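Single-letter residue listing:
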Amino acid sequence: MNPDFILITDKPIDYAAVTERVRSNECGAVVLFMGTVREMTAGRQTVALDYEAYPGMAQQMLQQLISEARAKWPVHAVAIEHRVGHLALGEISVAIAVSSPHRAQAFEAGRFLIDRLKEIVPIWKKENWSDGTSEWEHKEIKTN
């Protein structure tokens, strides 16, 4: 049985449920990363974000990243949920939970997963600014 869970969704993310998906009596550590819509980015006021994804490819790449994390750390389980659509200030855009026997490994694996997700997974973000303009974040998608 694969304890991992990946979901690209247009529904609000329940971070407590994401965390519960990875909890285990075999692990002494569960780390949760939540990305939220912040108001200020590089000195500009954000009013909302829009996310778009290529779901099939995104899920495949996220599974690849989980496999890479497992090769580096003794990860027990991973749950990743990423939101698509229009998100208001304060809403959760991504939640990543990792369980591992020890905290350092869980923190390292979680950081690796969010950093690589932002670098290579085909999920794009558009900043909607308070002055009425918007801008897509540029991301070069790399595949092996």
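Residues numbered from 1 in each chain as written. Predicted model: local features only at pLDDT ≥ 70, side-chain atom pairs only at ≥ 80, totals over all residues. Heavy atoms only, no water.

1. Quick look at the overall build of the chain
A count of helices and strands for the chain gives three helices and nine strands. When the helices and strands of the chain are listed from N to C terminus, the series reads β-α-β-β-β-α-β-β-β-α-β-β. For 144 residues, the compact-globule estimate of 2.2 N^0.38 gives 15 Å, and the C-alpha radius of gyration of the chain, at 15 Å, lies within 12% of that figure. Taken along the three principal axes of its C-alpha coordinates, the chain extends 50 × 30 × 25 Å. Surface exposure of the chain reaches about 8000 Å², of which carbon and sulfur atoms provide 50%. Between the centroid of the 16 positive side chains of the chain and the centroid of its 19 negative side chains there is a distance of 3 Å. (Helix = DSSP H or I, 4+ residues; strand = E, 2+ residues; numbered from the N terminus. Rg over C-alpha atoms; globule rule 2.2 N^0.38 Å. Areas by Shrake-Rupley, 256 points an atom, 1.4 Å probe, with all protein chains shown as cover. Lys, Arg positive; Asp, Glu negative; His and termini not counted. Charge placed at Lys NZ, Arg CZ, Asp CG, Glu CD.)

2. Considering the sheet that holds strand E1 (residues 5-9)
Read across the open sheet, the four strands follow the order E1-E5-E7-E2; overall the sheet is mixed. Looking at the sheet topology across the chains shown, the edges are occupied by E1 and strand E2 (29-36). Averaged over all adjacent pairs, the angle separating strand axes in this sheet is 5 degrees, with direction ignored. Both E2 and strand E7 (residues 92-100) contribute to a ladder of eight bridges, which runs antiparallel. Pairing of methionine 34 across the sheet is with alanine 95, part of E7. (Pairing = 2+ DSSP bridges. Axes fitted to C-alpha atoms, helices over the stretch in contact; angles between N-to-C directions.)

3. Things to note about the environment of arginine 44
Position of arginine 44 among the secondary structure elements: in strand E4 (residues 44-53). Between the C-alpha atom of arginine 44 and that of tryptophan 129, which follows or precedes it by 85 residues, the distance is 7.0 Å. Of the polar contacts made by the side chain of arginine 44, one reaches the side chain of aspartate 131; its length is 3.4 Å. (Polar contact = N/O pair within 3.5 Å; in protein donor to acceptor, adjacent residues only side chain to side chain.)

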